[in-house]
Amino acid sequence: MYVFATNNKGKSAEIKAIFANAGLELTTLQDLGLTLPPPDETGTTFEENSKIKATETAAFLQHHGHTNAIVLADDSGLAIDAMDGAPGVDSALFLGEDTPYDQRNAHILSTLGNRPYYERGAQFICVITCVLPSGEILTTRGELKGLIAREAKGESGFGYDPIFYSPKRGKHLAEMTKEEKNKISHRGIALKNMLKLLTQ
């Protein structure tokens, strides 16, 4: 049984779709009727926080009798070059945990102002940690390079997708279909790399 540790509905929908394309079924704690408060993400890197979430969730599931669960967790975020890599590992807490993403996006656009596009580089980063029933830990990483646009566009996706522009695709992430986004996204890349490890 594959279990992904997240309370983010948008994220879990993306990941379930990628697993389904690989012929695998993915479940979440909510699907199992279990609730685990989000662990304290005390790490200073995506790798550290991803491992914290995966190992705590694996221990929680073991305690509830799911001893054969293969547990995955990710830590991901947006790193903007002109903001010294911010919001980075604090992407989910940027400007306050309860601040809506449209306000966060507006703040970033205001901060960058009219900077030229060559000064608007950014990367979406995702690190996935997998804890196997044996206790073995696997880690993969995915990155998507792009630009912070001058305005928000698109109605799909979530989070910072409306302000992230992909030069290769010629559109904002929030303008892409789920299928388009999963092919190029940081999370899609990290998951595909993890699926390769798991199938090996």
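Criteria and cut-off values
Residues numbered from 1 in each chain as written. Predicted model: local features only at pLDDT ≥ 70, side-chain atom pairs only at ≥ 80, totals over all residues. Heavy atoms only, no water. Helix = DSSP H or I, 4+ residues; strand = E, 2+ residues; numbered from the N terminus. Rg over C-alpha atoms; globule rule 2.2 N^0.38 Å. Buried < 20%, exposed > 50% of the residue type's maximum accessible area, 1.4 Å probe, protein only. Contact = heavy atoms within 4.5 Å. Phe/Tyr/Trp six-rings, centres within 6.5 Å; stacked < 30°, edge-to-face > 60°. Lys NZ or Arg CZ within 6 Å of the ring centre and 35° of its normal. Pairing = 2+ DSSP bridges. Axes fitted to C-alpha atoms, helices over the stretch in contact; angles between N-to-C directions.

Chemist: Mind laying out the overall build of the protein, listing which residues take part and the relevant values?
Modeler: Looking only at helices and strands, the protein features five helices and seven strands. Listed N to C, the secondary structure of the protein is β-α-β-α-β-α-β-β-β-β-α-α in terms of helices and strands. Computed over the C-alpha atoms, the radius of gyration of the protein is 17 Å, within 12% of the 16 Å expected from 2.2 N^0.38 for a compact globule of 200 residues. Viewed in the frame of its principal axes, the protein has a C-alpha envelope of about 55 × 30 × 25 Å. Taken across its 200 residues, the protein has 48% of its residues classed as buried.

Chemist: Pulling in residues and values, what's your account of the environment of P87?
Modeler: Counting through the fold element by element, P87 comes out in the loop between β3 (70–80) and α3 (101–112). As for P87 and I108, which are separated by 21 residues in sequence, their C-alpha atoms are 9.4 Å apart. Sequence-distant contacts of P87, defined by excluding residues within four places in its chain, comprise L78, I80, F94 and Y160.

Chemist: An account of the packing of aromatic side chains is requested, with residue identities and associated values reported.
Modeler: The full count for this structure, using the stated rule, is three aromatic pairs. Here the aromatic rings of Y2 and F19 are separated by 5.6 Å at their centres, their planes lie at 65°, and the arrangement is edge-to-face. Highlighted residues: Y2 in strand β1 (residues 2–4) and F19 in helix α1 (residues 9–21), separated in sequence by 17 residues. Using a relative accessible area of 18% as the deciding quantity, one classes Y2 as buried. Aromatic side chains F124 and F164 sit 4.6 Å apart centroid to centroid with 40° between the ring planes, which places their arrangement in the tilted category. Within this pair, whereas F124 is found in strand β4 (residues 121–131), its partner F164 is found in strand β6 (residues 164–166), the two being separated by 40 residues in sequence. Both residues of the pair, F124 and F164, belong to the buried class. Taking the ring centre of Y101 as reference, the NZ or CZ of R104 above it sits at 4.4 Å. The cationic tip of R120 hangs over the ring face of Y117; the distance from NZ or CZ to the ring centre is 5.9 Å.

Chemist: I'd love a proper account of the side chain of K181, names of residues and values included.
Modeler: The topology assignment puts K181 in helix α4 (residues 178–184). Looking at K181, the relative accessible area reads 5%, which means it is buried. Setting aside anything within four residues of it in sequence, one finds K181 in contact with E14, G157, F158, D161, L173 and M176.

Chemist: I'd like to hear about the pairing of strand β5 (residues 137–148), residue by residue, with values.
Modeler: Pairing geometry for β4 and β5, over 11 bridges, is antiparallel. Looking across to β5, one finds that F124 is bridged to L144. From the end of β4 to the start of β5, which pair antiparallel, there are five residues, and G135 there has a positive phi angle of about 100°. Here β5 runs beside β6; their pairing, made up of two bridges, is antiparallel. Counted as the bridge partner of I148 is F164 from β6.

Chemist: So what's going on with the sheet that holds strand β7 (residues 171–172)? Residues and values would help.
Modeler: The strands making up a sheet associate through hydrogen bonds between their backbones, and the pairing can be parallel or antiparallel. Here we have seven strands laid out as an open sheet, ordered β2-β1-β3-β4-β5-β6-β7, and mixed in their pairing. The open sheet has two free edges, formed respectively by β2 (26–28) and β7, since each of these has just one partner strand. With three bridges joining them, β1 and β3 adopt parallel strand pairing. Of the residues in β3, the one forming a bridge with V3 is V71. Against the sheet, helix α5 (residues 186–199) touches β1, β3, β4 and β5, its axis set at about 155° to β5.

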